[in-house]
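What follows is the residue order along each chain.
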Amino acid sequence: GPAPPVNDTVSATVQDASNRTLVFYSLPYGRSKRHWLAVNTTTSVPLPGRVCSAAALVCQGRQYVVVAFCNASFLAFLDLSLASPTPRVLIGASTPGYHEGFKTDARFERVLHVASEAGRSSLFVADTLNCAVRSVSIPTLPGDFATRSYLVHGYTAAICSTVPTAILYPGRLFPVLGGTYFLFPAGGGLYQLDAPTRSVVQVLASSKAPAWMPDLSLLQSVALAANSSALVLAFASTSAVLAPSQQRCDAGFTSVAGGA
């Protein structure tokens, strides 16, 4: 059976469609078989490396988990419908780089954060070292050649140039409303990804954050407040409430709700 949960060995956690808790463990040193996946603490699956990010996925009625191994430039997946799932390459290659394309053509850098999109067989990927937010579409089954990557946002993808439109080093993707929106930290502040429209906007500039709030790169979770009018940003030792603000439209423009 799986080793007992030890908090300092947990590298990633995710819930699948059956509300099972998937916990990835990784011992920093010691015996062999140091990395494994525990499913509801009843099933243990050995892994070839430490997992830094994971996302649950349902495709054609089967349940999968997509993983980004630490310091790897590809995404892998496990078929949780099998008794003994084995990691297989989803997309990318062992050679880092940047290129949008099908499974064997796409190239990623070595720091990746993944999150599943609500109601679709697709993923969002924060490709940190390429300064890009990308999506991975799975039109058939995970691992099929038709699996493809697309650029969602990153005017300076693969360059990371400090121009006003650039998002520098996007980090972990935090889903809101079941994966309809995602919040993620990056150089310069906190950003929101609107999944249906594939649009990205800044919701909090680093310069506007209070001095007592930890760096946004240390963000551990994002949740809607009880009245759904604000977001609660949780850090290791404190929390902050992010409330929306209003401002007048530019001259000659009208808001969606009407008026200025």
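Predicted, not measured: the structure shown is a model, and the values here were computed from it.

J.: Break down the environment of G61 for me, with residues and values.
T.: If you trace the backbone, G61 turns up in the loop between strand 5 (51-59) and strand 6 (62-69). Judged by relative accessible area, which is 69%, G61 ranks as exposed. Between the alpha carbons of G61 and T42 there is a distance of 22 Å; along the sequence they are 19 residues apart.

J.: Tell me about the sheet that holds strand 4 (residues 43-46), and please be specific about residues and values.
T.: One open sheet holds the four strands; their spatial order is 1-2-3-4, and the pairing between them is antiparallel. Looking at which strands have only one partner, the edges of the open sheet turn out to be strand 1 (10-15) and strand 4. Taken pair by pair, the neighbouring strands of this sheet meet at an average axis angle of 20°, ignoring direction. With five bridges joining them, strand 1 and strand 2 (residues 21-26) adopt antiparallel strand pairing. Counted as the bridge partner of T13 is V23 from strand 2.

J.: Go over the sheet that holds strand 10 (residues 122-127) with me, naming the residues and quoting the values.
T.: Ordered in space as 9-10-11-12, the four strands form an open sheet in which the pairing is antiparallel. Taken across any chain shown, the strands that pair with only one partner, and hence form the sheet edges, are strand 9 (112-116) and strand 12 (148-153). On average, each strand axis in the sheet is inclined to that of its neighbour by 30°, with strand direction left out of account. Where strand 11 (residues 132-137) meets strand 12, five bridges bridge the pair, whose relative direction is antiparallel. If you follow R134 over to strand 12, its bridge partner there is L151.

Definitions and cut-offs
- Residues numbered from 1 in each chain as written.
- Predicted model: local features only at pLDDT ≥ 70, side-chain atom pairs only at ≥ 80, totals over all residues.
- Heavy atoms only, no water.
- Helix = DSSP H or I, 4+ residues; strand = E, 2+ residues; numbered from the N terminus.
- Buried < 20%, exposed > 50% of the residue type's maximum accessible area, 1.4 Å probe, protein only.
- Pairing = 2+ DSSP bridges.
- Axes fitted to C-alpha atoms, helices over the stretch in contact; angles between N-to-C directions.

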